[in-house]
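# Close look at the chain arrangement
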Amino acid sequence: SPLEISARLGYAKTLEEALNLKCEEKIEKWKPLQRPIVSFADEYNKIIKAYDDFIVSFKENSSATEARFRIAEIYRLRLLDLPKADSVYRNVIETSPLTNYTVDSHIARGQIAAFRNQLNEAKQYFAEAEKHPRSDPAKSFEAKYQIARIAFWQGKFSEAIESLKSATQFLSADFTNN
């Protein structure tokens, strides 16, 4: 039933958000820079299990895509397991190519590739996010901004300037102000 789907997904998301808040309390925000650390790994693995159970029960439902994406976010942002996160993002892209989660997955894969210093690969992921038919203007400009940063890092300053010019056309996007 639709209520069961919403309740089970909502339960897992509530557990995740409560644990995220617990992690945020542990972070010393007064420090300008800090090394990322994994906190509450066992509890996050239980949340991943809850999402996996949801996916098994409702694999044909569109909410299963959201659950997969949430799993990838936990691996990337909370457990710092970038190879596993990349794999799950790839699965989201392959199984649900016409969703907003595909755009977010391309951006996340681009960030992972940039972190690994695979700049050309990162640029491809951001380009995919930018041109995706479901990409809203804010996500499109985020992708353009990331492409400009990569061009800057590669010393391609004129290309970076052109990318930034196109990224600053939408003034309400967060990345326009960066």
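For the structure, see preceding data.
Residues numbered from 1 in each chain as written. Predicted model: local features only at pLDDT ≥ 70, side-chain atom pairs only at ≥ 80, totals over all residues. Heavy atoms only, no water.

### What to know about the side chain of Ser135
Threshold: Helix numbering and strand numbering both begin at the N terminus, where a helix is a DSSP run of H or I of at least 4 residues and a strand a DSSP run of E of at least 2. In protein, a polar contact means a hydrogen-donor-capable atom and an acceptor-capable atom, both N or O and within 3.5 Å, with residues adjacent in sequence counting only if both atoms are side-chain atoms; elsewhere, any N or O pair within 3.5 Å suffices. Contact definition: two residues touch when any of their heavy atoms are within 4.5 Å.
In this structure, Ser135 sits in the loop between helix 6 (119–131) and helix 7 (137–153). Reaching out from Ser135, the side chain makes a polar contact with the backbone nitrogen of Ser140 at a distance of 3.3 Å. Once residues lying within four places of it in the same chain are set aside, the contact partners of Ser135 are Val103, Ala129, Glu130 and Ser140.

### A word on the side chain of Arg109
For clarity, the cut-off: Note on exposure labels: buried denotes an accessible area under 20% of the residue type's maximum, exposed denotes more than 50%, and partly exposed covers the range between, all computed with a 1.4 Å probe on protein chains only.
Along the chain, Arg109 turns up in helix 5 (residues 100–115). For Arg109, a relative accessible area of 9% gives the class buried. When sequence neighbours within four positions are dropped, the list of residues in contact with Arg109 reads Asp86, Tyr89, Arg90, Ile93 and Tyr125.

### Thoughts on the packing of aromatic side chains
The description of two aromatic rings rests on the distance between their centres and on the angle between their planes. Formally: Pairing of aromatic side chains here covers Phe, Tyr and the six-membered ring of Trp, requires ring centres within 6.5 Å, and sorts the geometry by plane angle: under 30 degrees stacked, over 60 edge-to-face, intermediate tilted. Counting as a charge over the ring demands two things of the Lys NZ or Arg CZ atom: a distance within 6 Å of the ring centre and an angle within 35 degrees of the ring normal.
Counting across every chain of the model gives four aromatic pairs. Plain terms: the ring middles of Phe54 and Phe58 are 5.1 Å apart, the flat faces sit at 45 degrees to each other, and that makes the pair tilted. One aromatic cluster in this structure is built from Phe69, Tyr89 and Tyr101. Here the basic side chain of Lys26 rests over the ring of Phe40, its NZ or CZ set 5.3 Å away from the ring centre.

### Side note on the nonpolar core
Formally: Remark: nonpolar core denotes a set of buried residues (Ala, Val, Leu, Ile, Met, Phe, Trp, Tyr, Cys) joined through side-chain atoms within 4.5 Å.
Of all hydrophobic cores here, the largest spans 27 residues; its most connected members are Tyr44, Tyr51, Ile71, Ile74, Tyr75 and Tyr89. When contributions to this core are tallied by element, the ones reaching two or more residues are helix 1 (2–26), helix 2 (41–57), helix 3 (63–78), helix 4 (82–95) and helix 5. When residues of this core are assigned to their parent elements, the largest contribution, seven residues, is made by helix 3. Apart from residues no more than four positions distant in its own chain, Tyr51 is found in contact with Leu9, Ala12, Lys13, Glu16, Ala67, Arg70, Ile71 and Ile74.

### Here's the deal with the pattern of salt bridges
Put simply, the test is: A pairing counts as a salt bridge when a side-chain nitrogen of Lys or Arg comes within 4 Å of a carboxyl oxygen of Asp or Glu.
This structure, assessed with the given rule, holds 14 salt bridges. In this structure, the salt-bridge partner of Glu4 is Arg8, at a minimum N-O distance of 3.7 Å. Residue Glu4 and its partner Arg8 are located together in helix 1, separated by four residues, close to a single helical turn. With a relative accessible area of 37%, Glu4 lands in the partly exposed category.

### Some remarks on the packing of helix 5 against helix 6
For clarity, the threshold we go by: All axes here are fitted lines through C-alpha atoms, helices being fitted over the stretch that makes contact, and every angle between N-to-C directions spans 0 to 180 degrees. When describing relative orientation, an angle under 35 degrees is termed roughly parallel and one over 145 degrees roughly antiparallel, while 65 to 115 degrees is termed roughly perpendicular and anything else oblique. Crossing chirality is assigned from the near helix's rotation relative to the far helix, an anticlockwise turn below a right angle marking it left-handed and a clockwise turn marking it right-handed. Nonpolar residues are Ala, Val, Leu, Ile, Met, Phe, Trp, Tyr, Cys and Pro. Charged residues are Asp, Glu, Lys and Arg, and all others, Gly as well, are polar.
Contact geometry of helix 5 with helix 6 gives a least axis separation of 8 Å together with a crossing angle of 165 degrees. With respect to helix 6, the axis of helix 5 lies roughly antiparallel. Of the two possible hands of crossing, helix 5 and helix 6 adopt the one that is left-handed. Facing helix 5, whose interface residues are Val103, His106, Ile107, Arg109, Gly110, Gln111, Ala113 and Ala114, helix 6 presents Leu119, Glu121, Ala122, Tyr125, Phe126, Glu128 and Ala129. In terms of residue class, the contact of helix 5 with helix 6 is made up of nine nonpolar, three polar and three charged.

### Side note on the environment of Val88
Summarising the element assignment, Val88 is placed in helix 4. Between the alpha carbons of Val88 and Arg109 there is a distance of 9.9 Å; along the sequence they are 21 residues apart. Residue contacts for Val88: discarding those within four places in its chain leaves Arg68, Ile71, Ala72 and Tyr75.

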